[in-house]
Amino acid sequence: MAARQGGRILSHGGKNLTAALLAWQATAPWGQGRPQFLAVATALLVVNTSTVHHSVTEAVRRIAVQVAGAALAIATAWWLGPTAGSILVVLAVVLAIRGRRMFDDQLQVASTALVTLAVVAAMPVRDLVLLALATAAGAVMGTAVHALILPPVYVDDSRAAVRRLARATSLLLCDMGRGLREHQRTSHARVWLSRARQLEEEIAEAQDHVRLAEDSLRWNLRCSVHGSRRPGTGGHALLVLHGISLQVRGIARTLVDTVDAPRDGFRLGSLFTDQYARTLELAGQAVEDFAEGSRAADPEHADAGRRLCTALDQAQVWHDRMTGLVARGALTEPGAWHIYGSLVTDAERLLSDLDRAGTAEPMAPVTPMTPMTPMTPSMPNARSPRF
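Residues numbered from 1 in each chain as written. Predicted model: local features only at pLDDT ≥ 70, side-chain atom pairs only at ≥ 80, totals over all residues. Heavy atoms only, no water.

1. Thoughts on the overall build of the protein
Within the protein one finds 13 helices and zero strands. When the elements of the protein are put in sequence order from the N terminus, they spell out α-α-α-α-α-α-α-α-α-α-α-α-α. Among the 387 residues that make up the protein, the fraction classed as buried is 43%. Long-range contacts, defined as pairs at least 24 residues apart, comprise 85% of the intrachain contacts of the protein with a sequence gap of at least 6. Carbon and sulfur atoms provide 61% of the accessible area of the protein, an area that totals close to 20000 Å². (Helix = DSSP H or I, 4+ residues; strand = E, 2+ residues; numbered from the N terminus. Buried < 20%, exposed > 50% of the residue type's maximum accessible area, 1.4 Å probe, protein only. Contact = heavy atoms within 4.5 Å. Areas by Shrake-Rupley, 256 points an atom, 1.4 Å probe, with all protein chains shown as cover.)

2. So, the packing of helix α7 (residues 155–181) against helix α11 (residues 270–291)
The N-to-C vectors of α7 and α11 enclose an angle of 165 degrees; their axes lie 8 Å apart at closest approach. As far as their axial angle goes, α11 and α7 are roughly antiparallel. Helix-helix and strand crossings are classified by hand; for α7 and α11 the assignment is left-handed. For the pair α7 and α11, the contacting residues are Arg 163, Ala 166, Arg 167, Thr 169, Ser 170, Leu 173, Cys 174, Met 176, Gly 177, Arg 178, Leu 180 and Arg 181 in the first and Thr 273, Asp 274, Tyr 276, Ala 277, Leu 280, Glu 281, Ala 283, Gly 284, Gln 285, Val 287, Glu 288 and Ala 291 in the second. (Axes fitted to C-alpha atoms, helices over the stretch in contact; angles between N-to-C directions. Parallel < 35°, antiparallel > 145°, perpendicular 65-115°, else oblique. Left-handed = near helix turned anticlockwise from the far one by under 90°.)

3. Observations concerning the pattern of salt bridges
Counting across every chain of the model gives nine salt bridges. Notably, a salt bridge pairs Glu 200 with Arg 249, separated by 3.9 Å at the nearest N-O pair. Note that Glu 200 is positioned in helix α8 (residues 185–216) and Arg 249 in helix α10 (residues 235–260), a separation of 49 residues in sequence. In this structure Glu 200 comes out as partly exposed when scored by relative accessible area, which is 29%. Overall, the relative accessible area of 30% leaves Arg 249 in the partly exposed class. Measuring nitrogen to oxygen at the nearest pair gives 3.9 Å for the salt bridge that ties Arg 218 to Asp 215. (Salt bridge = Lys/Arg side-chain N within 4 Å of Asp/Glu carboxyl O.)

4. Observations concerning the confidence of the model for the protein
When the pLDDT values of the protein are averaged, the result is 77; 68% of them are 70 or greater. A low-confidence stretch, residues 368–387 stays under pLDDT 50, and its non-local contacts, those more than four residues away or across chains, total 47 contacts. (pLDDT = per-residue confidence, 0-100.)

5. Comments concerning the side chain of Thr 49
Residue position: Thr 49 is located in the loop between α2 (34–47) and α3 (52–80). Judged by its relative accessible area of 17%, Thr 49 is buried. Excluding anything up to four places from it in sequence, Thr 49 contacts His 54, Ser 55 and His 146.

6. Some thoughts on α7
Counting along an α-helix, one turn takes 3.6 residues, and residues three or four places apart therefore face a common direction. Across its 27 residues, α7 extends 39 Å between first and last C-alpha, which sits within 8% of the 39 Å expected from 1.5 Å per residue. With its phi angle positive at about 60 degrees, His 183 sits one or two positions after the end of α7. (Expected span 1.5 Å × (residues − 1).)

7. Things to note about the packing of aromatic side chains
Per the counting criterion, the structure on display carries one aromatic pair. Ring centres of Trp 24 and Phe 37 lie 5.3 Å apart, and the angle between their planes is 75 degrees; on these two criteria the pair is classed as edge-to-face. Note that Trp 24 is positioned in helix α1 (residues 2–27) and Phe 37 in helix α2, a separation of 13 residues in sequence. Its relative accessible area of 32% is what places Trp 24 among the partly exposed residues. (Phe/Tyr/Trp six-rings, centres within 6.5 Å; stacked < 30°, edge-to-face > 60°.)

8. Here we look at a nonpolar patch on the surface
Together, Leu 148, Ile 149, Leu 150 and Leu 221 line one region of the surface with nonpolar side chains, adding up to about 370 Å² of accessible area. Since its relative accessible area comes to 32%, Ile 149 is described here as partly exposed. (Patch = residues over 30% accessible without salt bridge, like charges linked within 9 Å, V, L, I, M, F, W, Y side chains within 5 Å.)

9. Remarks on α3
End to end, α3 covers 42 Å across 29 residues, agreeing with the expected 42 Å (1.5 Å per residue, within 8%). Regarding α3, the residues found buried are Val 52, His 53, Ser 55, Glu 58, Ala 59, Val 65, Gly 69, Ala 70, Leu 72, Ala 73, Thr 76 and Ala 77. Of the residues flanking the start of α3, the one acting as N-cap is Thr 51, its side-chain oxygen 3.0 Å from the backbone nitrogen of His 54. (Polar contact = N/O pair within 3.5 Å; in protein donor to acceptor, adjacent residues only side chain to side chain.)

10. Describing the environment of Ala 168
Relative to the elements of secondary structure, Ala 168 occurs in helix α7. The exposure class of Ala 168 is partly exposed, given its relative accessible area of 24%. Sequence separation between Ala 168 and Gly 284 is 116 residues, and the spatial gap between their C-alpha atoms is 9.5 Å.

11. Focus on the packing of α7 against α8
Contact geometry for α7 and α8: axes closest at 9 Å, N-to-C directions at 170 degrees. Here α7 lies roughly antiparallel to α8, going by the angle between them. When the axes of α7 and α8 are compared, the crossing they make is left-handed. Here the residues of the contact of α7 with α8 sort into 16 nonpolar, four polar and seven charged. (Nonpolar A, V, L, I, M, F, W, Y, C, P; charged D, E, K, R; others polar.)

Structure, rendered in structure tokens:
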């Protein structure tokens with residue numbers, strides 16, 4: 001870890017130095033003095049952006065804003081002079097053409113124009129043009145260095161965040177299963193629900209990392225050398241885990257309901273809780289297996305697949321048994337059939353999501369057309385519940 005961090009610091013320092021030197025040399029023939037320093041500062045700002053795509057879009061946007069503001073100020077000062085009346089004209093023009101989406105940029109155009117008007121009386125127009133050109137030159141040099149010299153990729157951070165989410169989900173499922181088997185539902189149910197809700201924070205953090213990793217792969221020359229295969233960011237696994245977290249929270253919520261508002265002394269039968277505990281533990285192992293790297297050529301993949309199939313088959317057997325008991329009116333607690341149904345349905349949906357997602361590479365990136373939304377658990381499946 002220390003060696004990797006040291007390498008990052010050296011490469012980052014080298015990129016900054018390269019960008020500064022190139023911007024300085026590019027503006028040396030015509031921009032001695034303030035334009036030269038402005039070019040270097042702009043290059044350093046651009047080269048320190050998070051991704052290549054972000055550096056390009058931000059450079060273009062900022063150059064456009066500054067050029068538009070300077071042009072508006074110069075044109076107004078040319079006609080009216082640097083007076084209070086010209087300032088009012090600038091504000092009137094910006095407010096007249098403002099739009100909701102571009103409002104922030106238009107405010108920057110107005111501020112740039114006002115600053116330019118404030119100094120135009122003491123500075124020739126030629127110097128203002130040189131400053132604008134220096135800004136553009138620095139942005140171009142910074143973007144070029146950022147794109148050509150070790151462009152940043154944040155795949156490792158993204159995959160690590162997704163694995164942390166998978167481990168937290170897996171640990172919660174295993175703890176719920178162990179607690180049910182050891183008859184700790186009454187004392188631990190609220191804790192399980194709290195942990196299930198905290199998964200949303202883990203999901204939000206993982207989504208931020210995945211978005212940054214996906215953005216870092218756009219226009220990145222380090223990825224183009226590998227052809228059409230993009231490095232895995234964990235985007236697909238995150239979509240699956242987001243959907244699974246909804247089922248986990250539903251299970252925890254149902255278990256809390258059986259503690260907080262029991263119906264006529266209803267309690268889950270020991271036979272049911274023992275079987276359900278085993279399924280939750282198998283589901284927890286399956287969740288962690290799913291997010292652990294590439295599933296191809298993995299000697300443990302066969303065991304993980306067998307565990308998942310065992311959990312699916314067991315859930316299907318319960319489903320058929322519960323359906324038969326309800327149909328015959330032989331359920332021990334007929335007034336609480338919805339409690340059993342909710343628990344079994346959430347478990348089946350969770351396992352079905354894993355089963356459907358098991359054929360894909362879990363750490364694959366999200367395609368540009370795929371939104372960062374959870375999997376829908378209502379997709380038809382041969383093993384889906386029929387309550």
